[in-house]
Amino acid sequence: MNQQDLDPDSTTDVGDVTNTEEELIRECEEMWKDMEECQNKLSLTGTETLTDVNAKLSLLIMQVKCLTAELSQWQKKKPEIIPLTEDVLLTLGKEEFQKLRHDLEMVLSTMESKNEKLKEDLEREQRWLDEQQQIMESLNVLHNELKNKVETFSESRVFKELKTKLLNVKEYKEKLLSTLGEFLEGHFPLPDGSVKKKKKNIQESTIQLITLHEMLEILINRLFDVPHDPYVKISDSFWPPYVELLLRNGIALRHPEDPTRIRLEAFHQ
Amino acid sequence: MSVLRPLDKLPRLNTATILLVGTEDALLQQLADSMLKEDCASELKVHLAKSLPLPSSVNRPRIDLIVFVVNLHSKYSLQNTEESLHHVDASFFLGKVCFLATGAGRESHCSIHRHTMVKLAHTYQSPLLYCDLEVEGFRATMAQRLVRMLQMCAGHVPGVSALNLLSLLRSSEGPSLEDM
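Residues numbered from 1 in each chain as written. Chains lettered and ligands numbered in written order. Predicted model: local features only at pLDDT ≥ 70, side-chain atom pairs only at ≥ 80, totals over all residues. Heavy atoms only, no water.

Chain B is annotated in an unreviewed UniProt entry as Centromere protein M from Saimiri boliviensis boliviensis. Taken from UniProt, the Subunit (unreviewed entry) comment for chain B reads in full: "Component of the CENPA-NAC complex, at least composed of CENPA, CENPC, CENPH, CENPM, CENPN, CENPT and CENPU. The CENPA-NAC complex interacts with the CENPA-CAD complex, composed of CENPI, CENPK, CENPL, CENPO, CENPP, CENPQ, CENPR and CENPS." Taken verbatim from the UniProt record of chain B, the Function (unreviewed entry) comment is "Component of the CENPA-NAC (nucleosome-associated) complex, a complex that plays a central role in assembly of kinetochore proteins, mitotic progression and chromosome segregation. The CENPA-NAC complex recruits the CENPA-CAD (nucleosome distal) complex and may be involved in incorporation of newly synthesized CENPA into centromeres." (UniProt positions renumbered as here; feature names shortened; annotations may be inferred.)

If you check an unreviewed UniProt entry, chain A appears there as Centromere protein K from Saimiri boliviensis boliviensis. Quoted verbatim from the Sequence similarities (unreviewed entry) heading of the UniProt record, the comment on chain A is "Belongs to the CENP-K/MCM22 family."

This is the structure we're talking about:
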């Protein structure tokens, strides 16, 4: 037999409660009396022990009897419920609501924690986005700067620059040459008629002597025109003392095999 | 009373009592502790005994479930159980008796063959459970099962009686023909 110990722990009106309580207690007492009666009947039956030999068979027979009895009992039985008075319903309702509240609270706390997590995620993503944007901005700035630099390059400007350079250099060259010419003219003039010559002894030809400037010009030109053979034959138009001067000061060099040929020292190499 | 009877007294309110019979004191004690730790709506009482018959001087509540614990390592344990079985009333075997075999894990130490236990359980039409009571985890699981069985045998589970449980636990494997 199944026991149903129901003592409602309700805190509703005392009057109603006592009524239901009393009723329930009354029902329990009745059930207990029934049980006592059954117990008395049972104590009248004798005991029976089993031996190994007859155990199985007698047990099976007993099982058949008991199962049949239980079956008939189940078939007879009608479902009973506790009397659904007002306060019983109230108590049951309260319990249901308590459960519901508990479940909802759990749901609430779960949702809240989820929200928190989502907020954190959002913040993190936002920060990442900001960082990425900053990177992009700085890259853009760099890009623009580089673009500007590239645009300002144009061929004509370079060409003009080169031209100016060339002009400057040419000017300088002209200046140098004129200064050189003046210097040479001033300090190394050609011998004039004041030098007495004996026409008979020195068979001087009436070949015109060239200036030192012109000599140097010839040597320079030869050096740059024919770099692999910069030697110039000493002609009679060269005034020998000047040739000596050049040779002695290392400005000109003799050909190693031919004493009649000289070259300019390669100062630029 | 030398013979244990199932419905000899009125039950105590909301109480379920189990009797563990076996020679291994330590194991029984541990099993009892595990059972008492379980969450249960009814109040549990665990009695331990080395063998039946129980001394009649003690005032005990009515027993709802008897578990015979047999240690497969010792023949003495089996002998003890067989002798105790003679002091149990026949109506107990309608679902309120259960056999528990322990020590099956260490095959080399087993002196009782598995078939012996199966035959015994089959003769007395009672369920046979296997559990290594020395292992904490298995013991806890077994304690849970026993508590649930006890609740049903004490009638605390509406709609299920001990006999119903027995029918459900009936194993289709009986001892093979050569053993019979």
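With that settled, the discussion passes to the packing of helix H1 (residues 25–37) of chain B against helix H4 (residues 136–153) of chain B. Residue and element names in this part refer to chain B. Where H1 meets H4, the axes come as close as 8 Å, and the angle between the chain directions of the two elements is 65 degrees. Crossing geometry of H1 relative to H4 is assigned as right-handed. Of H4, the residues touching H1 (which contributes Gln30, Leu31, Ser34 and Met35) are Arg139, Ala143, Leu146 and Val147. Residues belonging to the contact of H1 with H4 are distributed by class as follows: five nonpolar, two polar and one charged. (Axes fitted to C-alpha atoms, helices over the stretch in contact; angles between N-to-C directions. Helix = DSSP H or I, 4+ residues; strand = E, 2+ residues; numbered from the N terminus. Left-handed = near helix turned anticlockwise from the far one by under 90°. Contact = heavy atoms within 4.5 Å. Nonpolar A, V, L, I, M, F, W, Y, C, P; charged D, E, K, R; others polar.)

Residue and element names in this part refer to chain B. You can see Arg62 is positioned in the loop between strand S2 (43–49) and strand S3 (65–71). You can call Arg62 buried: its relative accessible area is 12%. Here the side chain of Arg62 touches Asp64 through a polar contact of 3.3 Å, side chain to side chain. Every residue in contact with Arg62, bar those within four places of it in the chain, is listed here: Pro6, Leu7, Asp8, Lys9, Pro11, Thr17 and Ala154. (Buried < 20%, exposed > 50% of the residue type's maximum accessible area, 1.4 Å probe, protein only. Polar contact = N/O pair within 3.5 Å; in protein donor to acceptor, adjacent residues only side chain to side chain.)

All names here are of chain A. Listing the buried residues of helix H6 (residues 240–248) in full gives Tyr242, Val243, Leu246 and Leu247. The arc that holds the buried residues of H6, viewed along the axis, is 140 degrees, so those residues lie on one side. Against helix H5 (212–225), strand S2 (252–254) and strand S3 (261–264) lie the buried residues of H6. Gly250 lies just past H6 and shows a positive phi near 80 degrees. (Arc of directions from axis to C-beta.)

Now for the side chain of Thr123(B). By secondary structure assignment, the location of Thr123(B) is in helix H3 (residues 114–123). With a relative accessible area of 15%, Thr123(B) lands in the buried category.

Of the residues lining the interface, 31 residues belong to chain B; the matching set on chain A comes to 27 residues. Around 2,500 Å² of area is buried between chain B and chain A when both sides are counted, 58% of it from carbon and sulfur atoms. Where chain B packs against chain A, one counts zero salt bridges. The interface formed by chain B and chain A holds five residue pairs in polar contact (both at pLDDT 80 or more) in total. Breaking the side of chain B that touches chain A down by element, the ones donating at least two residues are H3 and helix H5 (162–169) of chain B. At four residues, H5(B) tops the list of elements feeding residues into the side of chain B that touches chain A. Residues belonging to the side of chain B that touches chain A are distributed by class as follows: 15 nonpolar, 11 polar and five charged. (Buried area = accessible area lost by both parts, 1.4 Å probe. Salt bridge = Lys/Arg side-chain N within 4 Å of Asp/Glu carboxyl O.)

A few words now on a nonpolar patch on the surface. Together, Ile81(A), Leu84(A), Leu89(A) and Leu92(A) line one region of the surface with nonpolar side chains, adding up to about 400 Å² of accessible area. Structurally, Leu89(A) is set in helix H3 (residues 86–151). (Patch = residues over 30% accessible without salt bridge, like charges linked within 9 Å, V, L, I, M, F, W, Y side chains within 5 Å. Areas by Shrake-Rupley, 256 points an atom, 1.4 Å probe, with all protein chains shown as cover.)

Residue and element names in this part refer to chain B. In this structure, Pro53 follows Leu52 across a cis peptide bond, with omega equal to 5 degrees. The residue Pro53 is located in the loop between S2 and S3 in this model. The residue Asn14 is not glycine, and still its phi comes out positive at about 55 degrees. With respect to the helices and strands, the residue Asn14 is situated in the segment before strand S1 (15–21). You will see that Gln125, though not glycine, has its phi angle at about 50 degrees, which is positive.

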